[in-house]
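# Per-entry structural report
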Amino acid sequence: MEADGLSELTGSTFLDASRSTYDRLLNRISTRAAQVGVIGLGYVGLPLAVAIARAGFPVSGFDIEAQKVESLNNGQSYIEAVTSTALAGQVASGRFRATADFAELAVCDVIIICVPTPLTKHREPDLSFVRNTAGTIAKHLRLGQLIVLESTTYPGTTDDVIKPILEKTGLRSRIDFFLGFSPEREDPGNRSFEVATIPKVVAGDGTEAAMLVQAFYHGVVETVVPVSTTATAEAVKLTENIFRSVNIALVNELKVVLGAMGIDIWEVIEAAKTKPFGYMPFYPGPGLGGHCVPIDPFYLTWKAREYELPTRFIELAAEINTAMPRHVVDELAKALDRRCGKALSRSRILIIGLAYKKNVPDIRESPSLRLIELIEEWGGKAEFHDPHVTEIPTTREHMAIKGRRSVELTEVALKDFDAVVVATDHDAIDYQAIADHALLIVDTRNIFGRLGLARETVVKA
């Protein structure tokens, strides 16, 4: 009886401790007194940190790169989604500051993880950044903190990876600290949306964590969408990007098939999208880029193997999209041979657009990098022009071409190249000059068709 009574008392004590911890944190969130820490100040973390500061919370941005920290504290942004003016305003107000001192995590009430989740060279999830970050948080974990993972990952990561690392401290989720997941939803270059206007999917480890996550994001964004578990929230993000990957693969495959029949895929899509129901337009291109769509589907295919389940549809889509750069180079080689009587191995090619999508400087997973490599594997010489990217930075997969610089787009330069390949249709490109002076144009985005600049020199690929 004494043991049972002690057990009941101990359980009651745990509940009381949990409740008081929850109430204190909820009050700090509700009054905007909660100190927020955002770990990783890249394309996701920096816009989020500024949005949180704009909502009235004091924010500490954590990053391991001292140069980034110095730039941010001087009010200088390196991401187009955050203007230097907007950043400087939050720095001047005292609501945002950047730091490389992770010991300051101890004073944060809410900690948000926005670190990369790439793939290994074998296309398996690389959670090293997530694990290392969780380990760093664990060193400074204290009673009453809310930790939220935003990095895209496979279902179960929050519970199976983050939680055990944090609980090795002896503190317990749901009692001593609270854990949640909310997938990032960034669309670089899209000025129609910002962090505060994009609905936010949220979930927590237990009822109180879920309520805290909802309360926090309600203070930052217009619409919060709660789901039942962190694994469900993790699956939401993967589903969104797999949807895009599969549909882009479909139109890429149709491009090849219909092209062999002499049918223009872009004309087909333009006509099909006039149907007011049951159809959504997706467009082909030279391949997939960005951090999300080329990578995220593999997080689910990897996890599915644990359950001995195939993901044939998802993997087939990835195969089709991955093959697109080679298809473009094959079409380039054919066009050079048939129209110019010249081999690709003896040609100079200008790639228009190094970034993976229009009007942004983001080159992550850009198919343009692969196009350059493939052209040079054929023996040709490839250069690039991009108004948003002046130089190819260091990347893990494309070290051989790092340091190459964007060439100036002039009449003389255009005439000096054997062909121009439009890989990214930035707005800030003089397409009229290209149409007038390029000897051969391989258009992977149908930009010349859309601008009414049809020429005999233009080949769609």
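Before going into details, it helps to say that this report is about the structure given with it. Here the residue index of a chain counts from 1 through its sequence in written order. Selection of residues for local features in this predicted model requires a pLDDT of at least 70, selection of side-chain atom pairs for listing and counting requires 80 or more, and totals for whole chains, interfaces and linings are taken over all residues. Calculated side-chain values reflect all of the structure's heavy atoms, with hydrogen atoms and water omitted.

Within the protein chain, the regular secondary structure consists of 15 helices and 13 strands. For the radius of gyration, the atoms used are the C-alpha atoms, and the globule rule reads 2.2 Å times the number of residues raised to 0.38. By the compact-globule yardstick of 23 Å for 461 residues, the protein chain fits well, its C-alpha radius of gyration being 25 Å. Overall, the protein chain is about 95 × 50 × 45 Å in size when its C-alpha atoms are taken along their principal axes. Residue burial in the protein chain is summarised as follows: out of 461 residues, 51% are buried. Contact between two residues is taken to exist if any of their heavy atoms lie within 4.5 Å; hydrogens are not considered. Of the contacts made within the protein chain by residues no fewer than 6 positions apart, 68% connect residues no fewer than 24 positions apart. Under the convention used here, Asp and Glu are negative, Lys and Arg are positive, and both His and the chain ends fall outside the count. A single reference atom marks each charge: NZ on Lys, CZ on Arg, CG on Asp, CD on Glu. In the protein chain, the 49 positive side-chain charges and the 59 negative ones have mean positions that sit 2 Å from each other. Strands here mean DSSP runs of E at least two residues long; helices mean DSSP runs of H or I at least four residues long; both are numbered from the N terminus. Summary of the burial criterion: residues with accessible area below 20% of their type's maximum are buried, those above 50% are exposed, and those between are partly exposed, where the area comes from a 1.4 Å probe applied to protein chains only.

If you trace the eight strands from one edge of the open sheet to the other, you get β3-β2-β1-β4-β5-β6-β7-β8, paired in mixed fashion. Lying at the two open borders of the sheet, with one neighbouring strand each, are β3 (96-99) and β8 (224-226). For this sheet, the mean angle separating the axes of adjacent strands, direction not counted, is 25°. Note on pairing: two strands pair once DSSP finds at least 2 bridges between them. Looking at chain direction, strand β7 (residues 200-204) and β8 are connected through three bridges and run parallel. In the sheet register, K200 faces β8, and the bridge partner there is V224. Axis definition: a line fitted to C-alpha atoms, over the contacting stretch in the case of helices. Angles run 0 to 180 degrees between N-to-C directions. Helix α5 (residues 128-140) contacts β1 (36-39), β4 (110-113) and β5 (146-149) of the sheet and is inclined by roughly 165° relative to β4. Sheet strands in contact with helix α7 (residues 207-218) are β1, β4, β5, β6 (178-181), β7 and β8, and its direction is about 155° off that of β7.

A few words on unusual backbone geometry. Excluding glycine, most residues fall at negative phi; most peptide bonds, likewise, are trans. Despite not being glycine, E308 has its phi angle at roughly 55°, a positive value. Counting through the fold element by element, E308 comes out in the loop between α10 (296-306) and α11 (312-340). If you check the backbone angles, N359 has positive phi at about 65° while not being a glycine. Mapped onto the elements of the fold, N359 is located in the loop between β9 (348-352) and α12 (367-377).

On β6, burial covers both faces: F178 and G180 on one face and L179 and F181 on the other are all buried. As paired strands, β5 and β6 are joined by four bridges and run parallel to one another. When the sheet's bridge partners are listed, I147 is paired in β6 with L179. Think of it like this: strands point away, you trace from the first strand over the helix to the second, and a clockwise trace means the crossover is right-handed. Since β5 and β6 lie parallel, the crossover through helix α6 (residues 157-167) that links them has a hand, and here it is right-handed. Pairing geometry for β6 and β7, over two bridges, is antiparallel.

Here we come to the packing of helix α8 (residues 230-260) against α10. Axis separation between α8 and α10 bottoms out at 8 Å; the angle between their running directions is 115°. With respect to α10, the element α8 is oriented roughly perpendicular. The way α8 lies across α10 gives a crossing that is left-handed. Judged by residue contacts, K237, L238, N241, I242 and S245 of α8 engage D296, P297, Y299 and L300 from α10. In the contact of α8 with α10, the residues fall into five nonpolar, two polar and two charged. Oblique is the label for any angle not covered by the other classes, which are roughly parallel (under 35 degrees), roughly antiparallel (over 145) and roughly perpendicular (65 to 115). Helix crossings get a hand from a simple test, with the near helix turned counterclockwise from the far one by less than a right angle marking a left-handed crossing and a clockwise turn marking a right-handed one. Under this grouping Gly is polar, as are all residues other than the nonpolar Ala, Val, Leu, Ile, Met, Phe, Trp, Tyr, Cys and Pro and the charged Asp, Glu, Lys and Arg.

Two rings belonging to Phe, Tyr or Trp (six-membered ring only in the last case) form a pair when the distance between their centres is within 6.5 Å. Interplanar angles under 30 degrees mark stacking, angles over 60 mark edge-to-face geometry, and anything in between is tilted. Inspection of every chain in the model, using the stated rule, returns eight aromatic pairs. A ring pair is formed by Y22 and F178, whose centres lie 6.4 Å apart and whose planes are at 70°; its orientation type is edge-to-face. On the criterion of sequence distance, the pair formed by Y22 in helix α1 (residues 2-30) and F178 in strand β6 is long-range, its members being 156 residues apart. Since its relative accessible area comes to 6%, Y22 is described here as buried. The exposure class of F178 is buried, given its relative accessible area of 0%.

Take a nonpolar patch on the surface next. Among the surface-exposed residues, V256, V257, M261, I263 and V268 lie close enough to one another that they form a single nonpolar patch of about 390 Å² accessible area. With respect to the helices and strands, the residue V256 is situated in helix α8. Exposure above 30% relative accessible area and no salt bridge define the residues that can form patches, which grow by joining like charges within 9 Å and nonpolar side chains of Val, Leu, Ile, Met, Phe, Trp and Tyr within 5 Å. Where accessible areas are quoted, they stem from the Shrake-Rupley method and a 1.4 Å probe; at the residue level, only the protein chains shown are allowed to cover. By definition here, a salt bridge exists when the distance from a side-chain nitrogen of Lys or Arg to a carboxyl oxygen of Asp or Glu is within 4 Å.

Counting buried residues along β9, four of its five residues qualify, which places the element largely inside the surrounding structure. Examined bridge by bridge, β9 and strand β10 (residues 381-385) share five bridges and lie parallel to one another. Across the sheet, residue L350 finds its bridge partner in β10, namely E383. You can see the chain leave β9, run along α12 and come back into β10, and the turn it takes is right-handed. Here β9 pairs with strand β11 (residues 419-422) via four bridges, running parallel.

Within the structure shown, the criterion is met by 27 salt bridges. D176 is the partner of R172 in a salt bridge, and the nearest nitrogen-oxygen pair spans 2.9 Å. A relative accessible area of 29% means that R172 is categorised as partly exposed. For D176, a relative accessible area of 7% corresponds to the buried category. Notably, a salt bridge pairs R405 with E391, separated by 2.7 Å at the nearest N-O pair. With a gap of 14 residues between them, R405 in the loop between β10 and α13 (411-416) and E391 in the loop between β10 and α13 connect regions that are remote in the sequence. The class of E391 is partly exposed, set by a relative accessible area of 35%. Through salt bridges that share partners, R28, D109 and R142 make up one connected network.

With that out of the way, let us pick up helix α3 (residues 66-73). Those residues of α3 lying buried are V69, S71 and L72. Within α3, the buried residues cover an arc of 165° as seen down the axis, which keeps them to one side. Along α3, the residues that are exposed and aim more than 90 degrees away from the buried face are A66, Q67 and E70. On the buried face of α3, the contacting elements are α2 (45-54), α4 (84-93) and β3. Where α3 terminates, the next one or two residues include G75, which has phi positive at roughly 75°. This arc corresponds to the set of directions leading from the helix axis out to the C-beta atoms.

Taken by themselves, the reported measurements are silent on function.
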